[in-house]
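Chain by chain, the residues:
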Amino acid sequence: MSIHPEGPNNGVRGKQAEDHPLICTKCGSDRHLALHSIAALTPPASGSVEVGYSCRTCRNHYLHRAGVVAVAAVLNRFRSPEDVLALGGHYIHCGQPMQKTGSELRRLYAPATTDADLVDALDVYLTTQVLHCPCGFQMELPE
């Protein structure tokens, strides 16, 4: 799995970046793209967002600036129930916004050595938020 931070529009700036479609640079197609995140640019840019996506066939991952029209073209074409889309701090699964249903305190631990008792284990506590989708899917994220 490789990551291409600049994406297929590498070197394309401004208005021209908004006009380019999202594609996989390896297979040259947009047929197998899965969107993972859409976020506002800092500083904000009219008509552009930062988009994260991957190609299910080639397993390449991309994160770069793109026009909202190009992102919408992919987002509106495919409805993928197995993926979670992060959109401006909100999470969407199977086309429905996920709702926070609670918080959990999770304990992570690892023994410092395999020869000693678990009394010497290193503990880390992590607060997570529990998100549920109307379809029954749920996930936990660090708060």
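Conventions and cut-offs
The written sequence of each chain sets the order in which its residues are numbered from 1. A pLDDT threshold of at least 70 governs which residues receive local features in this predicted model, and a stricter bar of 80 or more applies before side-chain atom pairs are shown or counted, although totals over entire chains, interfaces and linings include all residues. For the side-chain quantities, the full set of heavy atoms in the structure was used; hydrogens and water were omitted. By the criteria applied, helices consist of DSSP H or I runs no shorter than four residues and strands consist of E runs no shorter than two, each listed in order from the N terminus. When checking whether two residues touch, look at their non-hydrogen atoms; a contact exists if any pair is within 4.5 Å. Pairing of aromatic rings covers Phe, Tyr and Trp, the last counted by its six-membered ring, and requires centre-to-centre distances within 6.5 Å; plane angles under 30 degrees mean stacked, over 60 mean edge-to-face, and any other angle means tilted. Only protein chains enter the accessibility calculation, which uses a 1.4 Å probe; a residue whose area is less than 20% of its type maximum is buried, one above 50% is exposed, and one in between is partly exposed. At least two bridges found by DSSP between two strands is the condition for calling them paired. Exposure above 30% relative accessible area and no salt bridge define the residues that can form patches, which grow by joining like charges within 9 Å and nonpolar side chains of Val, Leu, Ile, Met, Phe, Trp and Tyr within 5 Å. Residue-level accessible areas treat just the shown protein chains as cover; the underlying method is Shrake-Rupley with a 1.4 Å probe. A side-chain nitrogen of Lys or Arg and a carboxyl oxygen of Asp or Glu constitute a salt bridge if their distance falls within 4 Å. The directions from the helix axis to the C-beta atoms form the arc being described.

Engineer: I'd like a description of the environment of Cys-133, backed by residues and values.
Structural biologist: As for its placement among the helices and strands, Cys-133 is situated in the loop between strand 9 (122-132) and strand 10 (138-142). Considering only alpha carbons, one finds Cys-133 and Pro-97, 36 residues apart in sequence, at a separation of 6.8 Å. In this view, Cys-133 contacts His-93, Cys-94, Gln-96 and Met-98; residues no more than four positions away in its chain are not counted.

Engineer: Lay out the packing of aromatic side chains in plain terms, naming residues and giving numbers.
Structural biologist: What the rule picks out here adds up to one aromatic pair. A centroid spacing of 5.0 Å and a plane angle of 25° characterise the contact between Tyr-53 and Tyr-62, whose relative ring orientation is stacked. Accessibility expressed as a relative area gives 1% for Tyr-53, which makes it buried.

Engineer: Explain the pairing of strand 9 residue by residue, including any values.
Structural biologist: Both strand 9 and strand 10 contribute to a ladder of five bridges, which runs antiparallel. Within strand 10, the residue paired with Leu-131 across the bridge is Met-139. In sequence, strand 9 turns back onto strand 10 through a hairpin of five residues, with Gly-136 there showing a positive phi of about 110°.

Engineer: Describe in detail a nonpolar patch on the surface, supporting the description with residues and values.
Structural biologist: A cluster of nonpolar side chains, contributed by Leu-108, Val-124 and Leu-126, occupies part of the molecular surface with about 230 Å² of accessible area. Checked against the element boundaries, Leu-126 lands in strand 9.

Engineer: I'd like a rundown of the pairing of strand 5 (residues 84-87), residues and numbers included.
Structural biologist: Bridging between strand 2 (residues 33-40) and strand 5 involves two bridges; their strand directions are parallel. Among the inter-strand pairings, Ile-38 is bridged to a residue of strand 5, identified as Leu-87. As judged from the four bridges shared by strand 5 and strand 6 (residues 90-93), these two strands associate in the antiparallel manner. Residue pairing in the sheet places Ala-86 in a bridge with Tyr-91 of strand 6.

Engineer: Go over unusual backbone geometry, please, and point to the residues and values.
Structural biologist: The omega torsion of the bond from Thr-42 to Pro-43 falls at -5°, within 30 degrees of zero and hence cis. One non-glycine residue, Arg-59, adopts positive backbone phi at about 65°.

Engineer: Tell me about helix 2 (residues 68-77), and please be specific about residues and values.
Structural biologist: Along helix 2, the positions that sit buried rather than exposed are Ala-70, Val-71 and Val-74. Seen from one end, helix 2 has its buried residues packed into an arc of 100°, which puts them on one side. Facing away from the buried side of helix 2, by more than 90 degrees, are the exposed residues Val-69 and Asn-76. Residues of helix 2 that are buried in the fold lie against strand 2, strand 3 (48-55) and strand 4 (61-67).

Engineer: Which residues make up the pattern of salt bridges, and what values do they have?
Structural biologist: Within this structure, the stated rule accounts for two salt bridges. Glu-143 is the salt-bridge partner of Lys-100, the closest N and O atoms lying 2.7 Å from each other. With Lys-100 in strand 8 (residues 99-110) and Glu-143 in the segment after strand 10, this residue pair connects regions lying 43 residues apart in the sequence. On the basis of relative accessible area, Lys-100 is assigned to the partly exposed category, the value being 46%. For Glu-143, a relative accessible area of 53% puts it in the exposed group. One salt bridge in this structure joins Glu-140 and Arg-106, with 2.6 Å as the shortest N-O distance. You can see Glu-140 sitting in strand 10 and its partner Arg-106 sitting in strand 8, a full 34 residues away along the chain. On the basis of relative accessibility, which here comes to 31%, the residue Glu-140 falls in the partly exposed class. With relative accessibility at 35%, the residue Arg-106 sits in the partly exposed group.

Function cannot be read off these values alone, since they describe shape.
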